[in-house]
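# Notes for the structure review
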Amino acid sequence: MTKTVRLTMAQAVTRFLSRQMTEIDGRRVPIFGGVWAIFGHGNVAGVGEALYPVRDELPTFRAHNEQAMAHAAIAYAKANFRRRFMAATSSIGPGALNMVTAAALAHVNRLPVLFLPGDVFANRLPDPVLQQAEDFSDGTASVNDCFRAVSRYFDRITRPEQIIPALNRAMQVLTDPAECGPVTLSLCQDVQAEAYDYPESLFAERVWMPRRVRPDRNELAAAVAALKGAKRPLVIAGGGVLYSQASGELAKLVQGAGIPVCETQGGKSSLPDDHPLNMAAVGVTGTSAANRLAEEADVVLAVGTRLQDFTTGSWALFKNAGRTIIGLNTQGFDAGKHWALPLVADAAEGLVELSAALKGWKAPPVWTDNALKGKTEWQAAAAKVTASTNAAYPSDAQVIGAVQRAMGSGVTLLHAAGGLPGELHKLWQAGAPGSYHAEYGFSTMGYEIAGGLGVKMAKPGEEVVVMVGDGSYLMLNSEIATSVMLGLKLTIVLLDNRGYGCINRLQMATGGANFNNLLKDSRHEVMPDVDFAAHAASLGATAEKVASIAELETALGRAKANSKTTVLVIDTDPLVSTEAGGHWWDVAVPEVSARREVNAARKKYEEAVGSRQG
Ligand SMILES: Cc1ncc(C[n+]2csc(CCOP(=O)(O)OP(=O)(O)O)c2C)c(N)n1
Ligand SMILES: [Mg+2]
């Protein structure tokens, strides 16, 4: 007879999670780094009670905002190259829905996270309960159905035994490199507390290792033939290179064949910035070195990238009409995008096999030499815009220069939204793989500080530097208090340009009036003058406002020595961004307008759209 143990459904969930393991560098570790939780009705009595007895193996962390705690969980998974992850549990209703944006963030970025929102009563007897939305025509609907669109696997648990296959499926999705993304197990409040005789085997320790799929023979042959015929080959390194921890294999391939590499936001730090073949950022926020090559390339080996519009310049970047794209990706959906030759495989495995098949083959030296020259030119341009200044309102680029000089390339740098992503993609000189942490798949304002917390949990021994605009900071800053409470130090550099600088610039570029972006252009009775340093200090951080780039560099030295989360605030210029490098981006301009500026912008827009290649 099967041995069973009588547990509530919630107790079964937490016991199961605490027994799932992985091996990293030969060491067995829990695959779940912990559970983020904000309790309320819908999870405190069930999941909350069940988390307590396993709190040593599966620690519970309390946050201030459900979206933010999910950001931290997701950043933790990214910083662990998806090898370890976390769960996030909430009450029903608003607590649950606060996590939906984060679920979408994880979905877009293909990052594993387990959501355990509370749900309404499966037995429906006390309906409508507090925080329950009533659907007039569908008795099975609850607000948690919102998670369906942004989960790779969604299940609503309405009977305690349903959790047995659901937990198995959840683990499959969380650990599958191709399917990887958010999993939502929506846990009905009454069912969390219901007991069932679970088989003891459910709670046996299991070890999950990443699946490394090797290429199909025919796809490999086609990719090798395309590369061997290339005169102007180029590699685009995406986030998949990092998730596969394939930097060594990438370096070997490109060094052997003399192929230049450029990096997406997600793939930046695949090679260190100072690797001679690393042309750095590609696309809308790219360097002149990378984009020039992308325009001319005849064979583009796209490794582990979703080829989103910022990478492809809305598909206007590749100008060589006869070009071939090879899509090396674990996910067939990505591998075959835009008629690419698909090469479905783990990045490291695929690169190893390509290296072996290309042994002895080299790209024409004139192409490689041209690339190296382009990089030198770009570095000179970048040095100019990041140099120190005495200006009262420095540019984002000048602040980036100061952070780089003070902190070096040995830190993990994190950002997500505003003008910073574009500037950092171009200008930050990344070090080790994973040291550049961009959330630019969903570019969620408010990811930054909570995300930094998740990175620090994954890499407690490393210096984590968060760069954030005033807009993102005001949207979601509450986890500063959590970072102080948990003793997880962050260095936060806050660039205050008094509004949504990058959207204001986009508005101007599309012919719009300066309207509703910078605070001064927004309807107001009193012009806001937020004291960010006082605000951060009130949350427990060490905080100061600096008056210049030189002061920022000195203050960063102090921040480095400080053991507590430090927030440094600097006023910046909202109007400037780095003009060097970059590429057109498709943002639709109105076809008719009473504004002359819009009509002019529309004319330019139509010309740009007309020059786009398939
Ligand atoms: C949650 C969310 N809302 C809106 C946007 C659109 N958006 C992108 S950047 C931005 C302004 C960001 O302001 P700030 O953080 O001050 O950076 P700045 O643009 O000034 O550099 C907005 C509104 C977004 N990315 N995320
Ligand atoms: Mg701003």
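First, a word on scope: everything that follows refers to the structure included in this document. (Residues numbered from 1 in each chain as written. Chains lettered and ligands numbered in written order. Predicted model: local features only at pLDDT ≥ 70, side-chain atom pairs only at ≥ 80, totals over all residues. Heavy atoms only, no water.)

## Some words on the nonpolar core
Nonpolar side chains in soluble globular proteins generally cluster together in the buried interior. Counting residues in each nonpolar core, the largest one holds 82 residues, and the members touching the most others are Leu 301, Leu 354 and Met 467. The dominant element in this core, judged by the number of residues it contributes, is helix α16 (residues 396–407), at six residues. Residues within four places of Leu 354 in sequence aside, it is in contact with Leu 220, Ala 223, Val 224, Leu 227, Leu 253, Leu 301, Leu 328 and Leu 343. Within the second largest apolar cluster, 51 residues are counted, among which are Ala 88, Ala 106, Tyr 243 and Phe 532. (Core = buried A, V, L, I, M, F, W, Y, C linked by side-chain atoms within 4.5 Å. Buried < 20%, exposed > 50% of the residue type's maximum accessible area, 1.4 Å probe, protein only. Helix = DSSP H or I, 4+ residues; strand = E, 2+ residues; numbered from the N terminus. Contact = heavy atoms within 4.5 Å.)

## Some points on the sheet that holds strand β16 (residues 324–329)
Overall, parallel pairing links the six strands, which are arranged β14-β13-β12-β15-β16-β17 in an open sheet. Each having just a single partner strand, β14 (278–281) and β17 (341–344) make up the two edges of the open sheet. The sheet shows a mean angle of 20 degrees between the axes of neighbouring strands, direction not considered. Pairing analysis gives two bridges linking strand β13 (residues 261–263) to β14, with the strands arranged parallel. Among the inter-strand pairings, Val 261 is bridged to a residue of β14, identified as Asn 278. Its contacts with the sheet put helix α10 (residues 247–257) on β12 (233–237), β13 and β15 (299–303), and the angle it makes with β12 is roughly 170 degrees. (Pairing = 2+ DSSP bridges. Axes fitted to C-alpha atoms, helices over the stretch in contact; angles between N-to-C directions.)

## Details of the packing of helix α3 (residues 66–79) against helix α5 (residues 100–109)
Two elements in contact, α3 and α5, have axes whose closest approach is 8 Å; the angle formed by their N-to-C orientations is 20 degrees. In terms of axis orientation, α3 runs roughly parallel to α5. In this structure, the crossing between α3 and α5 has a hand that is right-handed. Mapping the contact onto sequence places Gln 67, Ala 70, His 71 and Ile 74 in α3 and Thr 101, Ala 102, Leu 105 and Ala 106 in α5. (Parallel < 35°, antiparallel > 145°, perpendicular 65-115°, else oblique. Left-handed = near helix turned anticlockwise from the far one by under 90°.)

## A look at the coordination of the magnesium ion (ligand 2)
Here the magnesium ion (ligand 2) is held by the protein donor atoms Asp 470 (OD), Asn 497 (OD1) and Gly 499 (O), which lie 2.0 to 2.1 Å from it. All donor residues of the magnesium ion (ligand 2) come from one chain, and their arrangement in sequence is D-x26-N-x1-G. Asn 497 gets classed as buried once you look at its relative accessible area, which sits at 9%. Assessed through its relative accessible area of 8%, Gly 499 is described here as buried. (Donors = N, O, S within 2.8 Å, 3.2 Å for Na, K, Ca; no water.)

## Re α3
Between its first and last C-alpha atoms α3 spans 20 Å; for 14 residues at 1.5 Å apiece the expected length is 20 Å, and the two agree. The element α3 is extensively covered by neighbouring structure, given that 14 of its 14 residues are classed as buried. Downstream of α3 by a residue or two, Phe 81 has a phi angle that is positive, lying close to 50 degrees. (Expected span 1.5 Å × (residues − 1).)

## Brief notes about the site of ligand 1
Contacts to ligand 1 come from 15 residues, most closely from Ser 443, Gly 471, Asn 497, Gly 501 and Cys 502. Separating a nitrogen atom of ligand 1 from a backbone N or O atom of Ser 443 is a distance of 2.8 Å. Relative to its free-state accessible area of 580 Å², ligand 1 is covered by the protein chains to the extent of 76%. Put simply, the parts of the chain that give the shell around ligand 1 at least two residues each are α19 (470–475) and α21 (501–509). Counting residues per element, the shell around ligand 1 draws most heavily on α19, at four residues. (Near = heavy atom within 4 Å. Polar contact = N/O pair within 3.5 Å; in protein donor to acceptor, adjacent residues only side chain to side chain. Areas by Shrake-Rupley, 256 points an atom, 1.4 Å probe, with all protein chains shown as cover.)

Function cannot be read off these values alone, since they describe shape.
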